Amino acid sequence: MIAIVDYGVGNLASVRKAFAAVGARAELVDAPAGLGDATAVVLPGVGNFGHCSREFHRRGFAPALREARERGVPILGICVGMQLLFDGSEEDAGEPGLGFYRGSVTKLSGVPRVPQIGWNAVRRTGDHPWLRDVADGDHFYFVHSYAAQPVDDVVRGTVDYGGDRAAIVGSDGLLGVQFHPEKSGANGLRLLRAFATADARVAAGRGR
Amino acid sequence: MLAKRIIPCLDVRDGRVVKGTRFEDLRDAGDPVELATRYDREGADELVFLDITASAERRRTVVDLAARVADVLFIPFTVGGGISSAELAGEILRGGADKVAVNSAAVRDPGLISEIARRHGSQATVLSIDAKREGDAWTVVVDGGRTPTGRDVVAWATDAVARGAGEVLLNSIDRDGTKLGFDLELTAAVADAVTVPVIASGGAASAQDYVELFRRTHADAGLAASIFHYGGLSVGDLKDALTASGIAVRPPERAFA
């Protein structure tokens, strides 16, 4: 079962329905214990980073996510859920992320419109097993005012909005996407399908 | 490059699409999910459902509509029409809608915008404005364009964005149904005054109207109803015309298989 972390934020019905559309069973999990038997974990999030971070930590999900990561359970972060994979965000400097990736999340600047809302092309800058069906230049639906600034070499795709921004970050067993795959039509469904069919052991690498 | 968005609008009453002049001479035009699916296949970037149900059943039908659309469509959609409370907005969003559009109720109580934005985020909060020209400016009208408020459109858009509106859906009452093209002057005035995306609406009758919209204003999206319903223009053909004019749009997607 794919667990969608439900910490009270965002349009989770759409994420669940998108997985259903690709033939995968995904359920909303509103307590950390529910992640124990998950075969994969989706970390969603929309809106304000601080609000997301507070609710996520208040409900005790951080240790459960770390534990899932240790076990090699595939994890997909979406939008603010992707940003939560980092150390923190300048949107709410006092609120911590998970720190799976080093770096912060900073406000979009040098652009006429913030947030970026709409479809934009993603440039593939690296490989990842769950990106096997994502072609260079595929369009995805973005809604964001901030973008991650990874310290390490984890960017797997960029989007040009007043300069190249991190659109996809990833490494073994972990992927974060700034866009909304559940709202990106066929391109998004293909990505979710690849994630849903990921082999947990293969994804983990070190888990074997 | 961020693509300009093409947004078909569906007027819905009692769970069915209706067509005709916005509030008069309405005829049944089918199931909203079926029509929405067709637009999705044609390449619509987003959809707006404007619910004009007047019955006591309205709350249930509009939430049900959001859920039914979200079952089968995986592009963003907005539900608007008579949304007067943050509670109803929340039910619609939990059903699977991405955004709610508030109009008359927000004019009467601007706190509604901040309340929806606080609970669900600015990205889910769309301010819909019906604008009517008065002298050399535009005034906000409510109740489907019938009631002038005396409020300046540009000032109201700016105020609403400060309160948390994440997008402005700007409808020209003067152009609505006229086939004279978008009101470029109005659109430019609002799009240059706010920092959030602006969706222009009202008057589109051809691909050329869209080309002019995107060439001559900073609008991010163009919304239309009748040209897509029975105006003989498909979203796909419109996008081809925009591409030929050098305007960035989302290309046709590879079918999911």
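These figures come from a predicted structure and were not determined experimentally.

Along chain B, the regular secondary structure elements total 10 helices and 12 strands. Whereas a compact globule of 257 residues would reach a radius of gyration of roughly 18 Å, chain B reaches 17 Å, a difference of no more than 12%. In terms of principal-axis extent, the alpha carbons of chain B reach across some 45 × 40 × 35 Å. With 257 residues in all, chain B has 53% of them scored as buried. Taking all contacts inside chain B whose residues are at least 6 apart in sequence as the whole, residues at least 24 apart take part in 66%.

All names here are of chain A. Mapped onto the elements of the fold, Asp92 is located in strand S6 (residues 92–96). Separated by 30 residues in the primary sequence, Asp92 and Val122 place their C-alpha atoms 27 Å from one another. Leave out the neighbours within four places in its chain, and Asp92 touches Phe49, Gly50 and Ser53.

A separate point is the sheet that holds strand S3 (residues 40–43) of chain A. All names here are of chain A. The strand order S2-S1-S3-S4-S13-S12-S11-S8-S9 describes an open sheet built from 9 strands, whose pairing is mixed. Either end of the sheet is taken by a strand with one partner, and the two such strands are strand S2 (26–29) and strand S9 (139–144). Each neighbouring strand pair of the sheet contributes to a mean axis angle of 30 degrees, computed without reference to strand direction. Note: strand S1 (residues 2–5) against S3, 3 bridges, orientation parallel. Along S3, the bridge assignment pairs Ala3 with Val41. Along the sheet, helix H1 (residues 12–21) contacts S1, S2 and S3; its crossing angle with S2, the most-contacted strand, is approximately 155 degrees. In the packing of helix H3 (residues 61–70) onto the sheet, contacts are made with S1, S3, strand S4 (75–78) and strand S13 (174–177), and the angle to S3 comes to roughly 135 degrees.

Bringing the confidence of the model for chain A into the picture now. With 95% of its residues at a pLDDT of 70 or more, chain A has an overall mean of 93. Below a pLDDT of 50 lies the segment residues 201–208 of chain A, which in the model reaches 17 contacts outside its immediate sequence neighbourhood of four places, other chains included.

In this complex, chain A contributes 31 residues to the contact, which on the side of chain B involves 30 residues. For the side of chain A that touches chain B, the secondary structure elements donating two or more residues are H1, strand S8 (116–124), S9 and helix H5 (185–196) of chain A. Ranked by residues supplied to the side of chain A that touches chain B, first place goes to H5 of chain A with 6 residues. Tallied by class, residues from the side of chain A that touches chain B come to 14 nonpolar, 11 polar and 6 charged.

For the rest of this paragraph, the subject is the sheet that holds S6 of chain A. All names here are of chain A. Within the open sheet, the 4 strands sit side by side as S6-S5-S7-S10. Their pairing is mixed. The open sheet has two edge strands, S6 and strand S10 (146–150), and neither has a second partner. Running at roughly 20 degrees to S6, helix H2 (residues 49–58) makes contact with strand S5 (88–89), S6, strand S7 (103–107) and S10 of the sheet.

As a further point, take the packing of helix H3 (residues 86–95) of chain B against helix H5 (residues 111–120) of chain B. Angle between the axes and distance between the axes: these two values describe a pair of packed helices. Residue and element names in this part refer to chain B. Here H3 crosses H5 at 40 degrees, and the two axes come no closer than 9 Å. The angle between the axes of H3 and H5 places the two elements in the oblique class. Helix-helix and strand crossings are classified by hand; for H3 and H5 the assignment is right-handed. Residues Ala86, Ala89, Gly90 and Leu93 of H3 lie in contact with H5, whose contacting residues are Leu112, Glu115, Ile116, Arg119 and His120. Classifying every residue of the contact of H3 with H5 by side-chain character gives 5 nonpolar, 2 polar and 2 charged.

When a strand is regular, its side chains alternate between the sheet's two faces. Residue and element names in this part refer to chain A. Taking burial as the measure, the 9 residues of S8 include 7 buried ones, the bulk of the element. As paired elements, S8 and strand S11 (residues 155–160) share 3 bridges and run antiparallel to each other. Its bridge partner being in S11, Arg124 is matched across the sheet by Gly157.

Right, let's get into H5 of chain A. All names here are of chain A. The end-to-end C-alpha distance of H5 is 16 Å, a good match for the 16 Å that 12 residues give at a rise of 1.5 Å each. Most of H5 is tucked away: 10 of the 12 residues are buried. Those residues of H5 that fall on the buried side of the exposure criterion are Gly185, Asn187, Gly188, Leu189, Arg190, Leu191, Leu192, Arg193, Phe195 and Ala196. Residues of H5 that are buried in the fold lie against S1, H1, S3, S4, S9 and S13.

Residues and elements named next belong to chain B. Within helix H1 (residues 32–42), burial applies to Pro32, Leu35, Ala36, Tyr39 and Asp40. All buried residues of H1 project into a common sector of 145 degrees when viewed along the axis, lining one side. Following H1 by one or two positions, Gly43 adopts a phi angle in the positive range, close to 110 degrees.

This paragraph deals with the nonpolar core. Val41 of chain A together with Val100 and Val168 of chain B are the most contacted members of the largest nonpolar core, which totals 159 residues. In terms of residue count, the dominant contributor to this core is helix H2 (residues 58–72) of chain B (6 residues). Contact partners of Val41 of chain A, with chain neighbours within four places excluded, come to Ala3, Val5, Leu35, Leu65, Ala68, Val73 and Ile75 of chain A.

So, about the packing of H1 of chain A against H5 of chain A. All names here are of chain A. Look at H1 against H5: their axes get within 9 Å of each other, and the N-to-C directions meet at 75 degrees. Classified by the angle between their axes, H1 and H5 sit roughly perpendicular to one another. Facing Ala18, Phe19 and Ala21 of H1, the residues of H5 in contact are Gly188, Leu189, Leu192 and Ala196.

Next up on the list: the pairing of strand S1 (residues 5–13) of chain B. Residues and elements named next belong to chain B. Of all 9 residues in S1, 8 are buried, a share of seventy percent or more. Note: S1 against strand S12 (residues 221–224), 4 bridges, orientation parallel. Bridge assignment links Ile7 to a residue of S12, and that residue is Leu223.

Thresholds, definitions, all that
- Residues numbered from 1 in each chain as written.
- Chains lettered and ligands numbered in written order.
- Predicted model: local features only at pLDDT ≥ 70, side-chain atom pairs only at ≥ 80, totals over all residues.
- Helix = DSSP H or I, 4+ residues; strand = E, 2+ residues; numbered from the N terminus.
- Rg over C-alpha atoms; globule rule 2.2 N^0.38 Å.
- Buried ≥ 20, exposed ≤ 12 C-beta atoms within 10 Å, placed from the backbone.
- Contact = placed C-beta atoms within 7 Å.
- Pairing = 2+ DSSP bridges.
- Axes fitted to C-alpha atoms, helices over the stretch in contact; angles between N-to-C directions.
- pLDDT = per-residue confidence, 0-100.
- Nonpolar A, V, L, I, M, F, W, Y, C, P; charged D, E, K, R; others polar.
- Parallel < 35°, antiparallel > 145°, perpendicular 65-115°, else oblique.
- Left-handed = near helix turned anticlockwise from the far one by under 90°.
- Expected span 1.5 Å × (residues − 1).
- Arc of directions from axis to C-beta.
- Core = buried A, V, L, I, M, F, W, Y, C linked by C-beta atoms within 7 Å.

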